[in-house]
Each structure stands twice: as structure tokens, then as C-alpha cells.
Amino acid sequence: MSPTPPRIAVIGGGITGLTAAHRIGELHPTAKVFLFEASPQLGGVIQSERRDGFLIENGADNFITTMPWAIDFCKRIGFSDELIETNAKHRRAFVVRKGRLHPIPAGFAVMAPSRIWPIITTPTLSIWGKLRMACEPLVRRRQSTEDESLASFVRRRFGREVYQQLVQPLVAGIYTANPEQLSIAATMPQFMQMEQQHGSLIRAMLKQSKDRRQISKASSGVRYSQFVAPREGMSSLVNAITKRLANATIATNAPVEQLSKVSESTSEGSSWRLTIGGDSPQQLDVDAVLLATPAKHSVRLLRHLDDSLATDLSEIEYGSCALVSLGFRRDQINHPLDGFGFVVPLVEGRQILSASFSSIKYVNRAPEGHVLIRAFVGGACQRELVDLDDDQLQKLVLKELTELLAINGQPQLCHIRRRIQAMPQYHVGHPALVERIEKRAQQLPHLALAGNAFNGVGIPQCIRSGEAAAKKLVDSLSTANSPSD
């Protein structure tokens, strides 16, 4: 490294930008890190707040543990003790079928079963739907290597009913997207691999289930439930990361309005100039830039630097939804609430995508004797509902929940948050698009892109993306400043 500490700017203060800034500090402790966030607070869509004793999440409320990056990160920053597991008594979810809630078959993983008996006995599928699903091992593997929509993939392997009654609502709950447009290669590549390697998803899932049982018997040590959450809400993770960035310069209400090259030299590489607006307008020259902003925002900063790169980024579309959190007294709800929530197939003709029983899933989310339920409205297939005003949204959600959960009376609390153009949509062709973006970005020295627009929308993938981009920049600066032969 050069004797002069490098100056690295991270643009975007969501979970990706925060973990990227932290990783830069780990890899190069003397680097001067500048973090700029356009909004008043860090964390991006991760926002928690307490109201009247309820802990409300305005974005993600947990993260998956089967992908190691978030768990590993929490261990590194000493945050593991703050993670709590889901309620062991009610680790299941429901799907709406003809106006009633039925358990999603045990062992059904998004689009394929790992257990046979729950599929045989579920009332969610008709006898014909079950028979068609049972024929999946007889379906020939696809020969074409071209990308395919998730909907097409599921119908081809399992039939229309499994897609409509189970897969579509589960996928909508993850991506708030239309599976007819989603890329199977970008969203669920593991199932593509199962088809190619085993010729059948059912055979592959049964084998994986057997292997996991054997590993579980032989292994020891700490295990987590499939999902975990911070005890005091997701914002506590944001706060924990921020505290560990004491040596970084952090600015909120500081939108980066322009990014330009300053100079190029064989010894120092490219330098970048940031024009920052907001509360304290300024210009800042840095050695490297990490863009952790949504793709649609990165387009504006990169258009004059590489029009082709900006054009490719602009092809990544975003979806919107509304989060409606309602608090009730427990005695207002006649449903046993013996699960974590439910998803709603489009064919049911209802106006909510899903609902999470937040205070059943995790402790410390509602006052004693109360329940917190969070409903999702809108998404790619019902986008017009997001435009309803707050009163209309509350009435819509209350009507749906009342019919499905047998609720009496009005909620004790109502909190509404809209996420406008917040969820990237991985449409068919997304992997090839990301490959083009990455190749174009490599042509801009000491600049890296990160975020949920590329290789995963969950918190673990965002952490992985931010840390990988941080390493790329530190490595590129090290290479540029190493003496030549």
C-alpha cells in the first residue's frame, strides 16, 4: 500500500453500504472511509420503531441463517448474543385456500417438497394437483440453457395447480413480484441445478433431506432456527454496525449529486470527485468509490461516465408495496394464530399478498395480551393498491384480516409504511444483464457496485455483496500502489 492512506467513498448507507464500510476498515485499518447517505437516517429500508409498546419493522424483520454471510458478520462484530430465534412452538405458515387458512405442507421449500406424506394429506391441493405433482420425477430435464421464467419452470415440472396454490404466493411473499416475469436462474438457481443434476426436484429434495438428517446427527455446536432477528429490532443491527465505524466520516442528508473523474496517472490510478448536496454542500476527492445505491440511482451518477453501463443498470426494474401493521388485543382474534403468518394466492382474488404474525414469530414485539400483525399490499400484480390513501389501506387490510382470522372490532394500533420502487425485480435475462454490468464496471478503475439489485435481495446477500465490493476496491488500490518491476 502507498504510505498515504487511501480515501474511499461509500455512497449509500443501507445495510450494503454499512457492511462495505466496515469491511474496508477490517481490510485496511488506516484507510479514510467516507460514507454518504441521502436520507436522514442510516439503514435504508431497515427501520424499526416502537409505538405504544409494539415493535414495528418498516422493512425486513429477520434474515435467513442457511446463507452464512449475515450470521458470520454478526459474530465478527459481537452481535450474535442479540439474535433471537423464531418461536419453536409455531414454526409453520399457512396458505389461503377458498377463504380458509391451511398449513403449507411441512417440508415444502418454496417450490419442491422434501417430505411425501404432508403433500398427500394437504387440503391445499386437489387430488389431480397431487397426482400431477407425483409425476414430476417422470418429467424430462430441460435441454435448453436459456433463462426461463419461474412460473414456466414450476408449471413444466409440477403443473399449474402447484404453481397457483403454493409457489406463486410464496414467491410473491419474497419478491413482491410476478413469477411470470421472474428469472428462475436469478431467483432460485438451486432448483435449476437440481433438475440438471438429478433429473427431478423431488428426488433431489428427498436426498438433501436425508443428508441433512445424517449431518445433524453427527454434528455439534450452536444451531439457529432457519430465521433469526435482533432482539430489539433490525435497526439495532444498523446501530451496532454504525458504532463500529467510529473512524469513518459519516454524513446523512448528504446526497451525492455528481461523480466525475479528476485525473489519471500510471502511479496513482484514477481519482474521483464527489459533489455532495444536502445540509453541507461540498466537493470531495477520493481514490476509490463504492456505489451501494439502488440501480436506478446509480444510473444518474454513471450516465456521463459510461452510457452503456448506465443503460444496462436502468433495465433493472423495481416494485412497490405497502406494509400495514395492525395491533390487536389477543381476545379480539378468534383464530388460534398457531403459525407465523400466511400467504395469499392470486387466484383467491384477495387484496393482500401475505400477513406475518410478528408477535407470534418473535418475542418482544407486542405488549402483554396483544398481537401485532403485518400485512403486505401491492407488489407487481396489484401495484395500484399502493396508491390508496392510509384510511383506504387500513380498511382494506382490516376487512381481509377480519374475514380470514375472525377478528372482532377495530385495531388498537395502525401503522402504514409504503416502500415505493424499493424491491428489484429479477426478470428473465437478469443473470446475463448482471454479467454485462459487472464487465462494464470493471472498465472504471477503483469503482465497485454493490447492493440487492444484482445477486440476491436478502440481508445475507446484501452483506456478501458489500463485503465483496470492499475487498475488490482494497485489492485494486493495493495493486495500483505496489511497486512495478
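These remarks concern the structure in this document. Computed from a predicted structure; not experimentally measured.

1. Some points on the overall build of the protein chain
Secondary structure assignment for the protein chain yields 16 helices and 22 strands. Relative to its length of 485 residues, the protein chain is compact, with a C-alpha radius of gyration of 24 Å against a globular reference of 23 Å. Taken along the three principal axes of its C-alpha coordinates, the protein chain extends 70 × 55 × 50 Å. Classification of the 485 residues of the protein chain by burial places 52% in the buried group. A separation of at least 24 residues holds for 73% of the contacts in the protein chain among residues at least 6 apart in sequence. In the form shown here, the protein chain has an accessible surface area of approximately 21,800 Å², with 50% of it arising from carbon and sulfur atoms. Each charge class in the protein chain can be summarised by its mean position, and for the 56 positive and 46 negative side chains these summaries are 8 Å apart.

2. Regarding the sheet that holds strand β11 (residues 227-230)
In spatial order, the strands read β5-β11-β6; together these three strands make up an open sheet with antiparallel pairing. For this open sheet the edge positions go to β5 (63-64) and β6 (83-85), each flanked by a neighbour on one side alone. Sheet topology places β6 next to β11; three bridges connect them, and they run antiparallel. Bridging across to β11, Ile 84 finds its partner in Ala 229.

3. Re the state of the cysteines
On inspection of all chains with the given rule, the structure shows zero disulfides. Here Cys 74 is not disulfide-linked; the sulfur of Cys 462 is the nearest cysteine sulfur, at 13 Å. Left without a disulfide partner, Cys 414 is nearest to the cysteine sulfur of Cys 321, which lies 15 Å away. Using a relative accessible area of 21% as the deciding quantity, one classes Cys 414 as partly exposed.

4. Examining the pattern of salt bridges
For the structure shown, the criterion picks out 29 salt bridges. Where Asp 306 meets Arg 440, a salt bridge forms, and the shortest distance between an N and an O atom there is 2.8 Å. Placement of the pair is Asp 306 in the loop between α11 (295-302) and α12 (307-314) and Arg 440 in helix α15 (residues 430-441), with a sequence separation of 134 residues. Each of the salt bridges in this network shares a partner with another, and the network as a whole consists of Glu 136, Arg 142, Glu 148, Arg 156, Arg 157 and Glu 195.

Reading the values: the criteria
Residues numbered from 1 in each chain as written. Predicted model: local features only at pLDDT ≥ 70, side-chain atom pairs only at ≥ 80, totals over all residues. Heavy atoms only, no water. Helix = DSSP H or I, 4+ residues; strand = E, 2+ residues; numbered from the N terminus. Rg over C-alpha atoms; globule rule 2.2 N^0.38 Å. Buried < 20%, exposed > 50% of the residue type's maximum accessible area, 1.4 Å probe, protein only. Contact = heavy atoms within 4.5 Å. Areas by Shrake-Rupley, 256 points an atom, 1.4 Å probe, with all protein chains shown as cover. Lys, Arg positive; Asp, Glu negative; His and termini not counted. Charge placed at Lys NZ, Arg CZ, Asp CG, Glu CD. Pairing = 2+ DSSP bridges. Disulfide = S-S within 2.5 Å. Salt bridge = Lys/Arg side-chain N within 4 Å of Asp/Glu carboxyl O.

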